[in-house]
Amino acid sequence: MEETKKLFCGKCMVEMLPAPTGFSYLGHAFRTDVLRCPSCGQVFIPESLAKGRMAEVETTLEDK
Ligand SMILES: [Zn+2]
């Protein structure tokens, strides 16, 4: 992980902590650590991570 800056939930004002979270995209399921609010459960997905994962999934689909 290149960046470990702290983020705080806008609603609860508590520090968001990394937690393994499952996602699904175009029928594919994958799991990765994202920052999540321990109070309300809201997750923060960095744009770089989202784009990287989406590109990865799309590449996999194109290979079929
Ligand atoms: Zn919260």
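This structure is a prediction, so every number in the text was calculated from the model and none was measured.

**Here's the deal with the coordination of the zinc ion**
The protein atoms that coordinate the zinc ion are Cys9 (SG), Cys12 (SG), Cys37 (SG) and Cys40 (SG), at distances of 2.3 to 2.4 Å. Between the four donor atoms coordinating the zinc ion, the angles at the centre fall across 104 to 112 degrees, so the site counts as tetrahedral. Along the chain, the residues donating to the zinc ion fall in the pattern C-x2-C-x24-C-x2-C. With a gap of 31 residues between them, Cys9 in the segment before strand S1 (17–25) and Cys40 in the loop between strand S2 (28–36) and strand S3 (43–44) connect regions that are remote in the sequence. For Cys40, a relative accessible area of 35% gives the class partly exposed.

**Focus on the environment of Ala19**
With respect to the helices and strands, Ala19 occurs in strand S1. Residue classification places Ala19 among the buried positions, given a relative accessible area of 11%. For Ala19 and Val43, which are 24 residues apart along the polypeptide, the C-alpha to C-alpha distance reads 8.9 Å. Sequence-distant contacts of Ala19, that is, excluding residues within four places in its chain, are made with Thr32, Asp33, Val34 and Arg36.

**As for the sheet that holds S1**
Strand order in the open sheet made by the three strands is S1-S2-S3, with antiparallel pairing throughout. Every interior strand has two partners, whereas the edge strands, S1 and S3, have only one. Here S1 pairs with S2 via nine bridges, running antiparallel. The residue of S2 that forms the bridge with Leu17 is Arg36.

**Focus: the pairing of S2**
Between S1 and S2, which pair antiparallel one after the other, the connecting turn spans two residues, and Leu26 there sits at a positive phi close to 50 degrees. Where S2 and S3 come together, two bridges link them in antiparallel fashion. For Leu35, the partnering residue across the bridge sits in S3 and is Phe44. Linking S2 to S3, which pair antiparallel, is a turn of six residues; within it Gly41 sits at a positive phi near 85 degrees.

Conventions used here
Residues numbered from 1 in each chain as written. Predicted model: local features only at pLDDT ≥ 70, side-chain atom pairs only at ≥ 80, totals over all residues. Heavy atoms only, no water. Donors = N, O, S within 2.8 Å, 3.2 Å for Na, K, Ca; no water. Tetrahedral: all angles 85-135°; square planar, octahedral: opposite > 155°, others 65-115°. Helix = DSSP H or I, 4+ residues; strand = E, 2+ residues; numbered from the N terminus. Buried < 20%, exposed > 50% of the residue type's maximum accessible area, 1.4 Å probe, protein only. Contact = heavy atoms within 4.5 Å. Pairing = 2+ DSSP bridges.

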